[in-house]
Amino acid sequence: MRLSELLNTKAVSLRLAARTKREALVELVQLLESAHGFQSQGEILERAMQREAMMTTGIGNGVAIPHGKAGPA
């Protein structure tokens with residue numbers, strides 16, 4: 001299976017307006033929630049921020065795959 005088979009293209013952005021890591025995560029979480037039609041009331045953003053605090057999800061060349069742990073923190 002390829003990563004591209006798992007991604008919703010509406011939740012992917014090649015150009016962000018964000019200038020900081022936090023702004024980028026906020027923008028990407030908004031994109032994700034919009035693409036999937038739900039609101040997490042900040043839970044997804046909080047978990048992504050917690051994950052970034054442990055280690056970056058950047059993979060190089062301006063590419064990152066932000067994510068967080070599902071379930072109890």
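Everything here concerns the structure above.
A short tour of the structure in this document, coming up. Please read these numbers as outputs of a predicted model, since none were measured by experiment. (Residues numbered from 1 in each chain as written. Predicted model: local features only at pLDDT ≥ 70, side-chain atom pairs only at ≥ 80, totals over all residues. Heavy atoms only, no water.)

So, the side chain of T57
Okay, step 1: With respect to the helices and strands, the residue T57 is situated in the loop between α3 (43-54) and β1 (58-60).
Okay, step 2: Judged by its relative accessible area of 5%, T57 is buried.
Okay, step 3: Only 2.3 Å separates the side chain of T57 from the side chain of E52, close enough to count as a polar contact. (Helix = DSSP H or I, 4+ residues; strand = E, 2+ residues; numbered from the N terminus. Buried < 20%, exposed > 50% of the residue type's maximum accessible area, 1.4 Å probe, protein only. Polar contact = N/O pair within 3.5 Å; in protein donor to acceptor, adjacent residues only side chain to side chain.)

Things to note about the environment of T56
Okay, step 1: By the element assignment, T56 lies in the loop between α3 and β1.
Okay, step 2: Sequence separation between T56 and P66 is 10 residues, and the spatial gap between their C-alpha atoms is 8.2 Å.
Okay, step 3: If we skip the residues at most four places from it in the chain, T56 touches K21 and R51. (Contact = heavy atoms within 4.5 Å.)

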